[in-house]
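Summary of structural features
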Amino acid sequence: FSIKKIESVKLLYESVNSLDSIKYEIMKEVFLFDLFENKKNNETKMAFRFIFQSHDHTLKDQEVDKIIDDIVESLTGIEGVEVPGYFVKWKRSLY
């Protein structure tokens with residue numbers, strides 16, 4: 001995630017950490033694994049790792065893609081937050 005508003009960094013972090021396995025049953029863990037501050041461009045980049053697992057079936061790409069698209073769409077609704085080069089799948093079908 002690329003964040004252009006410093007106020008949005010904390011909100012993004014809190015929002016990602018509030019994602020729980022109740023909403024996404026197959027999402028077992030999420031955590032921040034990289035943080036970069038570009039003071040020259042007044043931009044912060046945050047990288048999160050999402051771990052998915054099911055004990056009763058093999059996960060399909062479409063299951064995970066749907067959740068990632070949902071998460072990205074939700075979090076890019078925070079002012080100043082974007083994922084450069086990422087298009088949610090339903091938007092890709094419009095092109």
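See the structure printed just above.
Residues numbered from 1 in each chain as written. Predicted model: local features only at pLDDT ≥ 70, side-chain atom pairs only at ≥ 80, totals over all residues. Heavy atoms only, no water.

A closer look at the side chain of Thr44
- Position of Thr44 among the secondary structure elements: in strand E3 (residues 43–52).
- Thr44 has contacts with Phe1, Ser2, Ile3, Ile6, Val9, Leu35, Phe36 and Glu37, leaving out every residue within four places of it along the chain. (Helix = DSSP H or I, 4+ residues; strand = E, 2+ residues; numbered from the N terminus. Contact = heavy atoms within 4.5 Å.)

Considering the pattern of salt bridges
- In total, this model carries four salt bridges according to the counting rule given.
- The closest approach of N and O atoms between Lys5 and Glu79, which form a salt bridge, is 3.4 Å. Pair noted here: Lys5 is in the loop between strand E1 (2–3) and helix H1 (6–18) and Glu79 is in the loop between helix H2 (61–75) and strand E4 (81–82), with a separation of 74 residues, a long-range link.
- On the accessibility criterion, Lys5 (28% relative accessible area) is partly exposed. (Salt bridge = Lys/Arg side-chain N within 4 Å of Asp/Glu carboxyl O. Buried < 20%, exposed > 50% of the residue type's maximum accessible area, 1.4 Å probe, protein only.)

Re the sheet that holds E3
- Read across the sheet, four strands follow the order E2-E3-E1-E4 without closing on themselves; strand pairing throughout is antiparallel. The outermost strands of the open sheet, each flanked by one partner alone, are strand E2 (27–38) and E4.
- Sitting on the sheet, H1 is in contact with E1, E2, E3 and E4, with an inclination near 5 degrees to E3. (Pairing = 2+ DSSP bridges. Axes fitted to C-alpha atoms, helices over the stretch in contact; angles between N-to-C directions.)

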